[in-house]
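Here are the chains, one letter per residue:
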Amino acid sequence: MKKILACLAALAAMIAAGGAQAQKVSVSVGYASESLPSFAVVGGSQVISPNLTGFYLNAQYTYNFSTHWGVTAGLGGRYNTRDYPSYLTMIPATTQEMQIVVDVPVLLSFTVPMSDYADISLFVGPMVSFGAIGTSTITESLYGNSVKADWYGSLALYKRLNVQGTGGIAIDVKHLRLFGGYSMGILNLSPAEGKTINTSALYLGLGVTF
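Computed from a prediction, not measured in an experiment: that's the story for all the values here. One numbering rule holds for all chains: residues counted from 1, following each sequence as written. For this predicted model, a pLDDT threshold of at least 70 governs which residues receive local features, and a threshold of 80 or more governs which side-chain atom pairs are given and counted, while totals over whole chains, interfaces and linings are taken from all residues. The basis for the side-chain values is all heavy atoms of the structure; hydrogens and waters are excluded.

### Considering the environment of Val124
Piece 1. Residue placement: Val124 occurs in strand β7 (residues 118-140).
Piece 2. Along the sequence, Val124 and Tyr182 sit 58 residues apart, while their C-alpha atoms lie 9.7 Å from each other.
Piece 3. Pairs of residues are marked as contacts when any of their non-hydrogen atoms sit within 4.5 Å. Val124 has contacts with Leu107, Leu108, Thr166 and Gly167, leaving out every residue within four places of it along the chain. By the criteria applied, helices consist of DSSP H or I runs no shorter than four residues and strands consist of E runs no shorter than two, each listed in order from the N terminus.

### Looking at the confidence of the model for the chain
Piece 1. The predictor reports its confidence for every residue as pLDDT, a score running from 0 up to 100. Averaged over every residue, the pLDDT of the chain is 89; residues scoring 70 or more account for 89%.
Piece 2. Low pLDDT, under 50, characterises residues 1-21; the stretch is placed with zero contacts to residues that sit more than four places away or in other chains.

### A few points about the packing of aromatic side chains
Piece 1. Pairing of aromatic rings covers Phe, Tyr and Trp, the last through its six-membered ring, and needs centres within 6.5 Å; plane angles under 30 degrees mean stacked, over 60 mean edge-to-face, and all others mean tilted. Tallying each qualifying case throughout the model produces seven aromatic pairs.
Piece 2. When the ring of Phe55 is compared with that of Tyr79, the centres are 5.8 Å apart and the planes differ by 40°; the resulting orientation is tilted. Placement of Phe55 in strand β4 (residues 52-64) and of Tyr79 in strand β5 (residues 69-88) is noted, with a sequence separation of 24 residues between them.
Piece 3. Three labels apply to residues, based on accessible area from a 1.4 Å probe with only protein chains included: buried if under 20% of the type maximum, exposed if over 50%, partly exposed otherwise in between. In this structure Phe55 comes out as partly exposed when scored by relative accessible area, which is 47%.
Piece 4. Ring geometry for Trp69 and Phe110: centres 4.8 Å apart, planes at 55°, overall tilted.

### Concerning unusual backbone geometry
Piece 1. For Thr89, which is not glycine, the phi dihedral falls at a positive 50°.
Piece 2. With respect to the element layout, Thr89 can be found in the loop between β5 and β6 (91-113).
Piece 3. Judged by its relative accessible area of 65%, Thr89 is exposed.

### Here's the deal with the environment of Pro126
Piece 1. Along the chain, the position of Pro126 falls in strand β7.
Piece 2. With a relative accessible area of 46%, Pro126 lands in the partly exposed category.
Piece 3. Taking the C-alpha atoms as reference points, Pro126 and Ile186, 60 residues apart in sequence, are found 9.6 Å from one another.
Piece 4. Discounting residues that sit within four places of it in the chain, Pro126 has contacts with Val104, Pro105, Val106, Leu107, Gln164 and Thr166.

### Details of the pattern of salt bridges
Piece 1. For this analysis, a salt bridge means a side-chain nitrogen from Lys or Arg found within 4 Å of a carboxyl oxygen belonging to Asp or Glu. Taken as a whole, this structure holds six salt bridges when the rule is applied.
Piece 2. A salt bridge links Glu34 to Arg78; the nearest nitrogen and oxygen atoms lie 3.3 Å apart. Linking Glu34 in strand β1 (residues 23-35) with Arg78 in strand β5, this pair joins segments that are 44 residues apart in sequence.
Piece 3. The partner of Asp172 in a salt bridge is Arg177, and the shortest N-O contact between them spans 2.7 Å.
Piece 4. One salt-bridge network, held together by shared partners, links Lys24, Asp119, Asp172 and Arg177.

### Here's the deal with the side chain of Thr62
Piece 1. With respect to the helices, strands and loops of the structure, Thr62 is situated in strand β4.
Piece 2. Nitrogen and oxygen atoms within 3.5 Å of one another constitute a polar contact, given that in protein one can donate a hydrogen and the other can accept it, and given that sequence-neighbouring residues count only through two side-chain atoms. Only 2.7 Å separates the side chain of Thr62 from the side chain of Thr72, close enough to count as a polar contact.

### Structural notes on the pairing of strand β10 (residues 176-185)
Piece 1. Where strand β9 (residues 161-173) and β10 come together, ten bridges link them in antiparallel fashion. Paired with Ala170 across the two strands is Phe179, which belongs to β10.
Piece 2. Between β9 and β10, which pair antiparallel in sequence order, lie two residues; one of them, Lys174, sits at a positive phi of approximately 55°.
Piece 3. Where β10 meets strand β11 (residues 200-209), nine bridges bridge the pair, whose relative direction is antiparallel. Opposite Leu176, over in β11, you have Val208 as the bridge partner. Being paired, for any two strands, means DSSP has found at least two bridges between them.

### Considerations on the pairing of β1
Piece 1. Looking at chain direction, β1 and β4 are connected through twelve bridges and run antiparallel. By the bridge assignment for β4, Ser33 is matched with Thr53.
Piece 2. Bridge analysis of β1 against β11 gives ten bridges, and the strand direction is antiparallel. Looking at the pairing, Ser26 lines up with Thr209 of β11.

Laid out in structure tokens, this is it:
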């Protein structure tokens, strides 16, 4: 009986050790840019605007089921802003826009060890994004009057839910991670019929792994 218990304990220790080696948790922060068409709050016509820029913060868990292949799931948030010239009741104005988005990627990863302490990984898969907050604030230049619109309010400019295809590359050196990725929106974010709104986003960041 003691031999059986000893064997079971040794087997459990081996499984725990193997599982610990097969898992990796990472936290990263960096630059995030998103291409999202802009529309006038009144009238809904498309206007020329730059990409949204800002930063992201995310945490990821990777389970490697072989030397090269693994699955990565994550949870992150993005904060983006932009401003551009516009008009408010025929008076020149500035529009300032802000969004906060929650991202949940589930990715297939392929890792190539470069040395005992460095490897390079490729990621690809879907990412579900949810628009938590989105606003447009138009301030006219003559009197400073402003109007604020909620992207997801009664007169919605966009839909909250987006599904994206995303891919990226990560370089790990010991506990330091350099990451870059790109995503393209699959769902149409327009709440209006006959209009199509799709996104694309770029990510660059630095993180740590545990």
